[in-house]
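Here's the letter readout for the chains.
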Amino acid sequence: MGHPLSRDLCKPSDGQTFTANGIAYALRGKLGDGAVGLVRRVTRVRDSTELAIKFLAPDPKYVEESSFDDVAARFRREGERGQQLSHRALLKIHAYADNVDGECFADCCPKNPFIIMELVRGRTLESYIKADTQFVKDGERTFQLTAERLSVAVHVAEALKYLHRNRAVHRDVKPANIFIPSNASTGSHTRA
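Values in this document were obtained by computation on a predicted structure and should not be read as measured data.

**What about the overall build of the protein chain?**
Phase 1: Along the backbone of the protein chain there are three helices and 11 strands.
Phase 2: Scanning the protein chain from its N terminus toward the C terminus, one meets helices and strands in the order β-β-β-β-α-β-β-β-α-β-β-α-β-β.
Phase 3: In terms of overall size, the protein chain behaves like a compact globule, its C-alpha atoms giving a radius of gyration of 18 Å where 192 residues would be expected to give roughly 16 Å.
Phase 4: For the protein chain, long-range pairs separated by at least 24 residues make up 53% of all intrachain contacts whose partners lie at least 6 apart in sequence.
Phase 5: When the accessible surface of the protein chain is totalled, it reaches about 11,000 Å², and 51% of it is carbon and sulfur.
Phase 6: Distance between charge centres in the protein chain, computed from 29 positive and 24 negative side chains, equals 5 Å.

**Some remarks on the sheet that holds strand 4 (residues 49-56)**
Strands pair in a sheet through their backbones, by hydrogen bonds, and they do so in one of two ways: parallel or antiparallel.
Phase 1: The strand order 1-2-3-4-6-5 describes an open sheet built from six strands, whose pairing is antiparallel. Since the sheet does not close on itself, it has two edges, and those belong to strand 1 (17-20) and strand 5 (93-97), each with one partner. On average, each strand axis in the sheet is inclined to that of its neighbour by 35 degrees, with strand direction left out of account.
Phase 2: As defined by bridge partners, strand 3 (residues 37-44) adjoins strand 4 across eight bridges and the pair is classed as antiparallel. Paired with Gly37 across the bridge in strand 4 is Leu56.
Phase 3: Sheet strands touched by helix 1 (residues 68-82): strand 4, strand 5 and strand 6 (114-118). Its angle to strand 5, the strand with the most contacts, is close to 140 degrees.

**A closer look at the side chain of Arg7**
Phase 1: Relative to the assigned elements, Arg7 resides in the segment before strand 1.
Phase 2: You can call Arg7 buried: its relative accessible area is 16%.
Phase 3: Of the polar contacts made by the side chain of Arg7, one reaches the backbone oxygen of Gly34; its length is 2.5 Å.
Phase 4: Look past the residues within four positions of Arg7 in its chain and what remains in contact with it is Asp33, Gly34, Ala35, Val36, Gly37, Leu38, Ala57, Pro58 and Asp59.

**Let's talk about helix 1**
Phase 1: Taking 1.5 Å of rise per residue, the 15 residues of helix 1 would be expected to cover 21 Å, and the 20 Å separating its terminal C-alpha atoms lies within 8% of that figure.
Phase 2: Among the residues of helix 1, Phe68, Val71, Ala72, Phe75, Gly79 and Gly82 are the ones counted as buried. The arc that holds the buried residues of helix 1, viewed along the axis, is 110 degrees, so those residues lie on one side. Turned more than 90 degrees off the buried face of helix 1, the exposed positions are Asp69 and Arg77.
Phase 3: On its buried face, helix 1 sits against strand 4, strand 5 and strand 6.

**Remarks on the pattern of salt bridges**
Phase 1: Taken as a whole and judged by the stated rule, the model has 14 salt bridges.
Phase 2: With a shortest N-O distance of 2.8 Å, Arg40 and Asp33 are connected by a salt bridge.
Phase 3: By relative accessible area, Arg40 is classed as buried at 12%.
Phase 4: Judged by relative accessible area, Asp33 falls into the partly exposed class, the value being 39%.
Phase 5: The closest approach of N and O atoms between Lys54 and Glu78, which form a salt bridge, is 3.1 Å. On the criterion of sequence distance, the pair formed by Lys54 in strand 4 and Glu78 in helix 1 is long-range, its members being 24 residues apart.
Phase 6: The class of Lys54 is buried, set by a relative accessible area of 8%.
Phase 7: The class for Glu78 is partly exposed, based on a relative accessible area of 23%.

**What about unusual backbone geometry?**
Phase 1: Note that the residue after Cys109, namely Pro110, is joined by a cis bond; omega there is 0 degrees.
Phase 2: Within the secondary structure layout, Pro110 lies in the loop between strand 5 and strand 6.
Phase 3: For Asp101, which is not glycine, the phi torsion reads 55 degrees and is therefore positive.
Phase 4: Note on placement: Asp101 falls in the loop between strand 5 and strand 6.
Phase 5: Given a relative accessible area of 57%, Asp101 falls into the exposed group.

**Remarks on the side chain of His87**
Phase 1: Looking at the element boundaries, His87 is found in the loop between helix 1 and strand 5.
Phase 2: When neighbours within four sequence positions are excluded, His87 is seen to be in contact with Glu158, Ala159 and Tyr162.

Definitions and limits used
- Residues numbered from 1 in each chain as written.
- Predicted model: local features only at pLDDT ≥ 70, side-chain atom pairs only at ≥ 80, totals over all residues.
- Heavy atoms only, no water.
- Helix = DSSP H or I, 4+ residues; strand = E, 2+ residues; numbered from the N terminus.
- Rg over C-alpha atoms; globule rule 2.2 N^0.38 Å.
- Contact = heavy atoms within 4.5 Å.
- Areas by Shrake-Rupley, 256 points an atom, 1.4 Å probe, with all protein chains shown as cover.
- Lys, Arg positive; Asp, Glu negative; His and termini not counted.
- Charge placed at Lys NZ, Arg CZ, Asp CG, Glu CD.
- Pairing = 2+ DSSP bridges.
- Axes fitted to C-alpha atoms, helices over the stretch in contact; angles between N-to-C directions.
- Buried < 20%, exposed > 50% of the residue type's maximum accessible area, 1.4 Å probe, protein only.
- Polar contact = N/O pair within 3.5 Å; in protein donor to acceptor, adjacent residues only side chain to side chain.
- Expected span 1.5 Å × (residues − 1).
- Arc of directions from axis to C-beta.
- Salt bridge = Lys/Arg side-chain N within 4 Å of Asp/Glu carboxyl O.

As structure tokens, then:
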């Protein structure tokens, strides 16, 4: 049998109910999967607020099983410390749970730790870059500085400066982790 955090043991399903910090939630649809986690949509039961949940479920294609415990320690720090950080260009973290033996879930599964965070409606910087054909000349992409691009860069820089001032390090800054909200006036968000 594999490591208890193994991805193949983490099977969150639509409709499951659970609690974190005394607040009830219900799992909804899949948002995405990354190298260390599964991201799903959740609804806070009391007011129907939609949020996101990230389960720690490392993918052995990207993370060696021998380092799962180290990854878990970093995930815990992200969840616990992230709740104390607040900046307009960072995703808000609402809760972290160790979820020992699935204690947060009515049916005791999944048993993986998780972080509940803000859900940003929009797209990632990665999808923006891939879809941007505005500056293609002779089949080659050219870089053009625009107000929108500069705004994204400024928001990312502000978020990283805030983290630095608070003695925190974002270990995974990349276009796939930078979110451009549908309402661009709120700026970009990056995972902390």
